[in-house]
Amino acid sequence: MTGAGLLSSGGGGERGAGRCRVEESGAGASGAGGSAAGAFEIGVSEPKPESEPQAAASVVAAWLVDDGLPDAEVAELFGLLDADERRRAVRKDTVDGRRRYVVAHGAVRRIVGEHLGAPPADLRWRIGKHGKPALDGAWTGVQVNLSHSGGLCLVALSGRRAVGIDVQRYVPALNVVGMARRYFAAEEARQVAFAADPIDTFAQLWARKEAVSKAAGGRLTQILPLVASAERAVVETPASAYRFADVEVPAGFRAAVALEGDAPFRVELRAWRP
C-alpha cells in the first residue's frame, strides 16, 4: 500500500486540470470525515446527473496527511497497527522513517474505519500477488490505496473501482533526463528533456504511472513505458484501461490518482487531522 516516493524541493510546473479546495477532516472539522472538497473533472465540463451507483463509482475520496504530529498522537496511531505493521515500523532505519510509517498506516486505519463504521484496529489486510494490500475479513466494501513521500502522505478510497494513488517528492540531484530516457516512451523522454522544469515534468509523469501500476496491482516496470498524457488521461494496459488525474499537493511534490476503467471520475481532496 505504501509508495515511498522515487523523487526531495521546489515547485512550479503546470498543475493538473480542474480546481481543488482542501478542507480539514477529523477532530475539530465540520462533519464526519470533513465535507467534500472541490473536484477535478476528468473529460467532462458539465457532468450530467448520475444514478447513485454510477456516482459512487466515479468519485475518489482522497486525504492529504501531514506527518508533523505530536508524539502522543503518533503513539496513539501506533496502537492501532496490527502485529505485522508494528514489525515493519520498528524495522525502519531512521526515526523519521518509523514515524512516517506509523502516521501513514495509522491514518489509513482511522479513515477507513470511519468510512465503514469499523474499529480502526479491527481492520485486516490481505496482500496481492505483487504486494498490493486489500481489505479482508469482517470489514470490506471499499478500495483503498496509500502513498507517502518525504513528509507527505496521500490516502485514496474508491467505492468499487480499483484505485491507486502516488505522491512524489522532488529530488534535485536525480538525473531525470537519463531516467526518462531509460524508462519512458521516446515522446515522454523528449518531453522531460525539453521541459522548462524537467524535475517537475518527470515527477508528474512518474506519479501518474505509479498510480496506474498500483491501481492495477501489477509491476511498475510494465507501466513505465506506457504513455500517460494529460490530453487523454487514460493508460491502456494489456488487461484493462486506467484513467488518471493529477492531484494538487504542496510545492515540491507531484501526485496522481488512478481508477480501473476509462470512465470519468472526480477527486474530492481533504486534509486529515487525527
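For the structure, check the block above.
Residues numbered from 1 in each chain as written. Predicted model: local features only at pLDDT ≥ 70, side-chain atom pairs only at ≥ 80, totals over all residues. Heavy atoms only, no water.

Below, the discussion takes up the packing of aromatic side chains. Per the counting criterion, the structure on display carries four aromatic pairs. Between Tyr 183 and Trp 206, the ring centres sit 5.9 Å apart and the planes meet at 90°, which makes this aromatic pair edge-to-face. Of this pair, Tyr 183 sits in helix H5 (residues 176-183) while Trp 206 sits in helix H7 (residues 198-216); the two residues are 23 residues apart in sequence, bridging distant segments of the chain. Since its relative accessible area comes to 24%, Tyr 183 is described here as partly exposed. For the ring pair Phe 184 and Trp 206, a centre distance of 6.0 Å and an interplane angle of 45° mean the geometry is tilted. Taken together, the residues span a long stretch of sequence, with Phe 184 in the loop between H5 and helix H6 (186-193) and Trp 206 in helix H7 at a distance of 22 residues. When sorted by exposure, Phe 184 lands in the same class as Trp 206, which is buried. Here the aromatic cluster, defined as three or more aromatic residues joined through ring pairs, consists of Tyr 183, Phe 184, Phe 202 and Trp 206. Geometry around Phe 184 places Lys 209 over its ring, the cationic atom sitting 4.7 Å from the centre. (Phe/Tyr/Trp six-rings, centres within 6.5 Å; stacked < 30°, edge-to-face > 60°. Helix = DSSP H or I, 4+ residues; strand = E, 2+ residues; numbered from the N terminus. Buried < 20%, exposed > 50% of the residue type's maximum accessible area, 1.4 Å probe, protein only. Lys NZ or Arg CZ within 6 Å of the ring centre and 35° of its normal.)

Note on placement: Asp 82 falls in the loop between helix H2 (71-78) and helix H3 (83-91). The exposure class assigned to Asp 82 is buried, which follows from its relative accessible area of 19%. Looking at Asp 82, its side chain comes within polar contact range of the side chain of Arg 109, at 3.2 Å. Residues contacting Asp 82, with those up to four places away along its chain left out, are Arg 109 and Trp 125. (Polar contact = N/O pair within 3.5 Å; in protein donor to acceptor, adjacent residues only side chain to side chain. Contact = heavy atoms within 4.5 Å.)

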